[in-house]
Amino acid sequence: MKENFELEINEKEHFEEGICRILDKLHTDTARYLVVRSRQHHSIHEARTNIKKIRGMLRLLRHDIGSNAYNELNDYYKNIAQEISVLRDDTSQIELLFDLKDRAKTPALTRMLNSVIKQLHDKRKREFEQFKKEGKSENIQQTILVLKNKIHELDFTDNPESFIRKGLHDIHHRARNAWQVTGLFKQEDIYHYWRKQVKYLMYHLMVLNRAWPLSIRIYTDNLKKLGSLLGQLHDLDLFTEAINNNTLVVSAENKKMLRRFISTQRAGVKRRIKPLGERTFNESSEAFAQRIFDIWMNSVMNKKAKRSLL
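Residues numbered from 1 in each chain as written. Predicted model: local features only at pLDDT ≥ 70, side-chain atom pairs only at ≥ 80, totals over all residues. Heavy atoms only, no water.

1. What to know about unusual backbone geometry
- With a phi angle near 60°, Asn-246 is a residue other than glycine that sits in the positive phi range.
- Residue placement: Asn-246 occurs in the loop between helix H8 (213–244) and helix H9 (252–280). (Helix = DSSP H or I, 4+ residues; strand = E, 2+ residues; numbered from the N terminus.)

Here it is as structure tokens:
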């Protein structure tokens, strides 16, 4: 099975055909990933990523399919994502700690991180065993296949006014607003919210990539880098939360050492985020959506779709 396929509508496809093909592929792959017994950690990661992509596609279509249909489906996928997130969160934390261990400058810090990694490995093993014992993989798989059929019942208008001027504008506006307030508020949740909007915007542009492949790909590459940095920041916040809530067994002295180390790492990530955010969101949402709309309307693929309807 090919992984990480492109979320692009092909030049010879109508918008609705391309969207349905992409959504079919995402659902089918997710259903398979959920019951794979080898490389389970990787499979859960792929399943969770696909759920995010599906939710991203629905956000792009929300003005096209109507609020009721969008809200109903989004709630289903949101609940599924929450059910499997606990399995992925442990793996994300383990990957983070291995990265932090490479940056650790003292033997004491390295030993402490090794101890925490072992705790997370044990915790993840227990959670996977419980997930399997309760039959959640098979239950969620069946839900995904039912939802795959529901997608085909949606009423698409194929109107670029809806999926670009409204849908794309909305998600760019959310992402841009989040970027603008990161310097105004101290709450770290805004970075997590910004990351989610950046991911959705990236998925939307990947769908429309064929209309203007070079420039859109450059922009989506920036969004990917930004999303990765925001993801690192979120993982550091989750680790800090686990230490503060005593989810992980760490002595009081070692907590202080970890907090200082994490604080330094967070500051470094934020320094890298700042110029990338400024470069990515210096254009207004209105201008951005209009630019993409004009490109789409003048693209070869849109003109082909128009001719086929005559």
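Following the structure, the description resumes.
2. Observations concerning the pattern of salt bridges
- Taken as a whole and judged by the stated rule, the model has 15 salt bridges.
- Between Glu-13 and Arg-21 there is a salt bridge whose closest N-O contact spans 2.6 Å.
- Across the pair Glu-134 and Lys-136 runs a salt bridge, and its minimum N-O distance is 3.4 Å.
- Note on Glu-134: relative accessible area 40%, which makes it partly exposed.
- Through salt bridges with shared partners, a single ionic network connects Asp-90, Lys-123 and Glu-127. (Salt bridge = Lys/Arg side-chain N within 4 Å of Asp/Glu carboxyl O. Buried < 20%, exposed > 50% of the residue type's maximum accessible area, 1.4 Å probe, protein only.)

3. Observations regarding the side chain of His-172
- Position of His-172 relative to the elements: it lies in helix H6 (residues 160–181).
- A residue is classified by how much of its surface remains accessible, and His-172, at 1% relative accessible area, is buried.
- Every residue in contact with His-172, bar those within four places of it in the chain, is listed here: Leu-201, Tyr-219, Phe-281, Glu-283, Ser-284, Ser-285 and Phe-288. (Contact = heavy atoms within 4.5 Å.)

4. Structural notes on helix H2 (residues 40–65)
- In this model H2 runs 35 Å from its N-terminal to its C-terminal C-alpha over 26 residues, within 8% of the 38 Å that 1.5 Å per residue would give.
- In H2, a bend of some 35° at Arg-59 exceeds every other bend along the element.
- With 19 of its 26 residues buried, H2 lies for the most part within the structure.
- A positive phi of about 100° marks Gly-66, the residue just after H2. (Expected span 1.5 Å × (residues − 1). Bend = angle between axes of the 7 residues up to and from the residue.)

5. Describing the packing of H2 against helix H7 (residues 189–207)
- Between H2 and H7, whose axes approach to 9 Å, the crossing angle comes to 75°. Compared by their axis directions, H2 and H7 come out roughly perpendicular. Note on element contacts: H7 touches H2 through Arg-195, Gln-197, Tyr-200, Tyr-203, His-204 and Val-207, opposite Thr-49, Lys-52, Lys-53, Arg-55, Gly-56, Met-57, Arg-59 and Leu-60.
- When the residues that make up the contact of H2 with H7 are grouped by side-chain class, the tally is five nonpolar, four polar and five charged. (Axes fitted to C-alpha atoms, helices over the stretch in contact; angles between N-to-C directions. Parallel < 35°, antiparallel > 145°, perpendicular 65-115°, else oblique. Nonpolar A, V, L, I, M, F, W, Y, C, P; charged D, E, K, R; others polar.)

6. Quick look at the nonpolar core
- Of all hydrophobic cores here, the largest spans 91 residues; its most connected members are Trp-194 and Phe-281.
- Once you skip the residues sitting within four places of it in the chain, Trp-194 turns out to touch Ala-175, Ala-178, Trp-179, Thr-182, Leu-226, Leu-230, Ile-273, Gly-277 and Phe-281. (Core = buried A, V, L, I, M, F, W, Y, C linked by side-chain atoms within 4.5 Å.)

7. Things to note about the packing of aromatic side chains
- According to the stated counting rule, one finds seven aromatic pairs in the structure shown.
- Pairing Trp-179 with Phe-281 gives two aromatic rings, centres 6.4 Å apart and planes at 25°, and the pair type is stacked. One end of the pair, Trp-179, is in helix H6; the other, Phe-281, is in the loop between H9 and helix H10 (285–297), and 102 residues separate them in sequence.
- What links up through ring pairs into an aromatic cluster is the set Trp-179, Tyr-191, Trp-194 and Phe-281.
- Directly above the aromatic system of Phe-293 lies the positively charged group of Arg-165, at a separation of 3.9 Å from the ring centroid. (Phe/Tyr/Trp six-rings, centres within 6.5 Å; stacked < 30°, edge-to-face > 60°. Lys NZ or Arg CZ within 6 Å of the ring centre and 35° of its normal.)

8. Here we look at helix H5 (residues 136–151)
- With 16 residues, H5 should cover 22 Å at 1.5 Å per step; its first-to-last C-alpha distance of 22 Å lies within 8% of that length.
- Its buried side turned inward, H5 meets helix H1 (15–35), H2, helix H3 (67–103) and helix H4 (107–133).

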